[in-house]
Every structure is written in C-alpha cells, then in structure tokens.
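Secondary and tertiary structure notes
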Amino acid sequence: MSFPTTRLRRLRSSASLRNAVRETDIAPRHLVYPLFVVPGQNERQPIAAMPGCERLSVDLLPEAARHIAKQGVSGAMLFGVPSRKDTTGAVAADPNGLVPRAIDAIKQAVPELLVWTDVCLCAYLEHGHCGVLRDQRIDNDATLPRLADMSLTFARAGADIIAPSDMMDGRIAAIRARLDAEGFADLPLVSYAAKYASAFYGPFREAAGSAPAFGDRRTYQMDPANAREALREVAEDIAEGADMVLIKPALSYLDIIRRVADRCDVPVVAYNVSGEYSMLMAAAQNGWLDADNAAREMLTSIRRAGADIVISYFAKDAQRLFPGE
Ligand code: PBG
C-alpha cells in the first residue's frame, strides 16, 4: 500500500479549507473587557505595566463603553478603585459609590453591553485583603454579609452579572439568598470558582490599588499545584447556585479549564489576567514577538481548552484581532 505523505497537509492546502475545518472559533462576542473606575472628572490614567489600558473616571465611561461595544465585545467587567477605604467593607456597598455610578453611566450609553461587576472587598479594605479581618486572620463568615450587601448595591444599580472573586466559602449561597429575597432572582451569578494564588495578578494590583498590606492570599486563593481541588471548588459553587464558573488565571491553567468544561454543564469563563497581558506586551515592545499574532494564539488556546467566555485586556482590540467574525 502506498502511503500518501501529504494526507494531513492536504487539509491545510488553502485558506478556505483551513477555515472550513477549523475546530475552534473565536469572535469578539466571546470576549469581555475589564474597566477600572477611579474618582474624579476627566481622569484618564494610563496603567504603566499594561500598555494601552487605563483607569477612567465615570464621566469617561460612556465613550469607553461605546468603543468596546463597537469592537463587538459582549460585556465589560467593572473594577472600582475607590479613594475611600475602611476596615469593615461597608464603603463597598455605598449606592453612590464608583461602581454603581459606573453601571448607570454605561447602561445609559450602551444598554446592550452586558455589565459584569467584580465583587470583592480588597480594593475597599485598608489592609487590601479580600475579607474582613479578626486578629489578623480572615473572618470568612463575617465577610459573607458584606459581599451580599455589595452585590445587592450593584444589582440595584443595574448590573447584568454579579461576579464574586473573593474566594470566601459559602459566598455564592449567601449572595444568591440576598438577591432572591430582594427581587433579583433573575440576576446571574458568575463564581470565580477556581482562583489561584498567582504571581500573574501583579499588574492588576497596581491598577486596582489592591495589593495586601501584609501577608499574601494563600489562605483563600488556591495552590497552583492543585487540580482536583479546583473541581471541588467548582462543584460546590454550582451546588450553591453559580450560573457560570470562572477559572483564573487562564494560561497556566488550561488543563483546569479543560477538566472543568468536560465535567460541568454550566458555561465556563476564563480570565486572561493582567500578567498574561503584560508579559506579551512587554515582549512585543522589545520587538521579540508580534503582539497581535501572539494575542490571537493565546485567546484561541483558551477557547480550545474549553472556555465559553474569555475576560481579557485584549478585548479592546477585538475587531483588529478578529475582523469579520
Ligand atoms: C480581586 C481581583 C483580582 C483580580 C481580579 N479580581 C486580584 C487579586 O485577587 O489579587 C486579578 C485580575 C488580573 O490580574 O487581571 N480579588
């Protein structure tokens, strides 16, 4: 029998055939863009470690939202960078706070753009940890009502999706119960279910002013060495009522995304985090790799691993990266 040496290459012989047999598609609608909101007027603060990304005041958000919507991206994820912090997390639930005002500004400008709200106390607490402290230790159960208050404030302001990222145990059930009791039974919850204690959040902590003042997050975020633990976190959050589950970071955790996608039937979200963006952009600025091609490959690999939705700083360039999709 003759062995055709070109039998695999034949399927790659033309661009149209390659397009026709492509297994993974990625389009702007699969992407969500993170936005950092700062106090003030006409504030546009570039984030040094994240070229092309900036922190914006509320008055500049309508323009940013229109830009994102024009990219074909399906949503924006809001992070407040408040100047006022406290020790109880109460400021995070202020109905006149940055995020509620930002939600309102975006929904008025572009009603069809989905507004995701990150729910975590780290940017609102003086010590920068994700939960309230008692004797220098995180008090899990005392944190839950604060997260529920914060979620309810965002719900009342018009958020489309509530996404708790704090990693406290039981918060999905606590937030769900509060939202249901207050008339928001239809509002979806995306759980940052498997969030690893990662060095790749470095640039975000500069952007959000949320670095812990002491210690680290290893008592509540996951050990990068663990995979089965992620499946357990995901299963618990789904049992508590999560409508989608999120894995974070993405690139060093593609195996986790794949295992979660294979095992669960809720949509899987992956967060292509700040450090993943920064390292690519830094290399590109040195002329060491091509930013757009590397970004396309990166985002495609996250989709191929099983993510339905990817939160990414590259979303602001979605039309250039994925034209005609
Ligand atoms: C808040 C939060 C973090 C990120 C998203 N939500 C930082 C952290 O946990 O330290 C990181 C996002 C990124 O790096 O892009 N808890």
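Below is a short write-up of the structure. This is a predicted model, so every value here is computed, not measured. (Residues numbered from 1 in each chain as written. Predicted model: local features only at pLDDT ≥ 70, side-chain atom pairs only at ≥ 80, totals over all residues. Heavy atoms only, no water.)

1. So, the site of the ligand
To be explicit about the condition: Whether a residue is near a molecule or strand is decided by its heavy atoms; if any one of them lies within 4 Å of it, the residue is near. Two N or O atoms count as a polar contact when they lie within 3.5 Å, although within protein this holds only if one can serve as hydrogen donor and the other as acceptor, and sequence-adjacent residues are included solely when both atoms are side-chain atoms. With residues, only the protein chains shown are counted as cover, and all accessible areas are computed by Shrake-Rupley using a 1.4 Å probe. In this analysis, the protein atoms alone were mapped onto a 1 Å grid. Cavities are point sets where a 1.4 Å probe fits without being able to get out; pockets are open sets with protein on both sides within 12 Å along at least five of seven lines; lining residues have an atom within 4 Å of a point. To decide whether a molecule occupies a pocket or cavity, check its atoms: if more than half lie within 2 Å of the grid points, it is inside. Gly falls in the polar group here, along with every residue not listed as nonpolar (Ala, Val, Leu, Ile, Met, Phe, Trp, Tyr, Cys, Pro) or charged (Asp, Glu, Lys, Arg).
Around the ligand sit 18 residues in total, of which Lys195, Arg205, Lys248, Ser274 and Tyr313 are the nearest. Between Arg217 and the ligand, the recorded distance is 3.0 Å, taken from a side-chain N or O atom to an oxygen atom. Burial of the ligand by the surrounding chains reaches 99%, relative to a free accessible area of 400 Å². Among the detected pockets, the ligand sits in the largest cavity. Class assignment of the residues belonging to the shell around the ligand gives a composition of 10 nonpolar, three polar and five charged.

2. Let's talk about empty space enclosed by the protein
This is how the line gets drawn: Grid points are joined across faces, edges and corners, and a volume is the space filled by probe spheres set on the points.
Scanning the entire structure with this criterion turns up one cavity of 30 Å³ or more. Lining the largest cavity are 24 residues, and of these Phe79, Asp118, Cys122, Phe204 and Ser210 lie nearest its centre. When its residues are assigned to classes, the lining of the largest cavity shows 14 nonpolar, five polar and five charged.

3. Side note on the nonpolar core
Here is the rule we go by: To define a nonpolar core, start from buried Ala, Val, Leu, Ile, Met, Phe, Trp, Tyr and Cys residues and group those joined through side-chain atoms within 4.5 Å. Exposure classes here rest on a 1.4 Å probe applied to the protein chains alone. A residue is buried below 20% of its type maximum, exposed above 50%, and partly exposed in between. The contact rule is simple, with two residues in contact once any of their heavy atoms fall within 4.5 Å.
Residues Leu35 and Trp116 are the most contacted members of the largest nonpolar core, which totals 114 residues. Those residues within four positions of Leu35 in sequence are excluded, and the remaining contacts are Leu56, Leu61, Ala64, Ile68, Ala76, Met77, Leu78, Phe79 and Ile106.

4. Looking at helix H9 (residues 274–285)
To keep things clear, this is the line we draw: Each helix corresponds to a stretch of at least 4 residues labelled H or I by DSSP, and each strand to a stretch of at least 2 residues labelled E; elements are numbered beginning at the N terminus. One less than the residue count of a helix, multiplied by 1.5 Å, gives the span that helix is expected to have.
With 12 residues, H9 should reach 16 Å at 1.5 Å per residue; the first-to-last C-alpha distance of 16 Å fits that figure. Taken together, the buried positions of H9 are Ser274, Gly275, Glu276, Tyr277, Ser278, Leu280, Met281 and Ala283. Just downstream of H9 lies Gly287, where phi reads positive at about 75 degrees.

5. Observations concerning the environment of Pro34
Examined against the element boundaries, Pro34 turns out to sit in strand S1 (residues 31–38). Linking Pro34 and Tyr271, residues 237 residues apart in sequence, is a C-alpha distance of 9.9 Å. In this view, Pro34 contacts Met77, Phe79, Tyr271, Ile311, Ser312 and Tyr313; residues no more than four positions away in its chain are not counted.

6. Quick notes on the packing of aromatic side chains
The line we're drawing: When the centres of two rings from Phe, Tyr and Trp lie within 6.5 Å, Trp using its six-membered ring, the rings pair. Their planes under 30 degrees apart give stacked, over 60 give edge-to-face, and anything left gives tilted. Only when the NZ of Lys or the CZ of Arg is both within 6 Å of the ring centre and within 35 degrees of the ring normal is a charge said to sit over the ring.
Counted according to the given criterion, the structure contains nine aromatic pairs. Taken together, the ring pairs connect Phe36, Phe79, Tyr192, Phe204, Tyr271, Tyr277, Tyr313 and Phe314 into an aromatic cluster. Above the plane of the ring of Tyr201 lies Lys248, whose end atom (NZ or CZ) is 4.6 Å from the centre. Here the basic side chain of Lys248 rests over the ring of Tyr271, its NZ or CZ set 5.1 Å away from the ring centre.

7. A word on the layout of surface pockets
Within this model, the largest pocket holds a volume of roughly 340 Å³. Taken together, 13 residues make up the lining of the largest pocket; nearest its centre are Arg22, Thr24, Ile26, Thr300 and Phe322. Its residues placed into classes, the lining of the largest pocket shows four nonpolar, two polar and seven charged.

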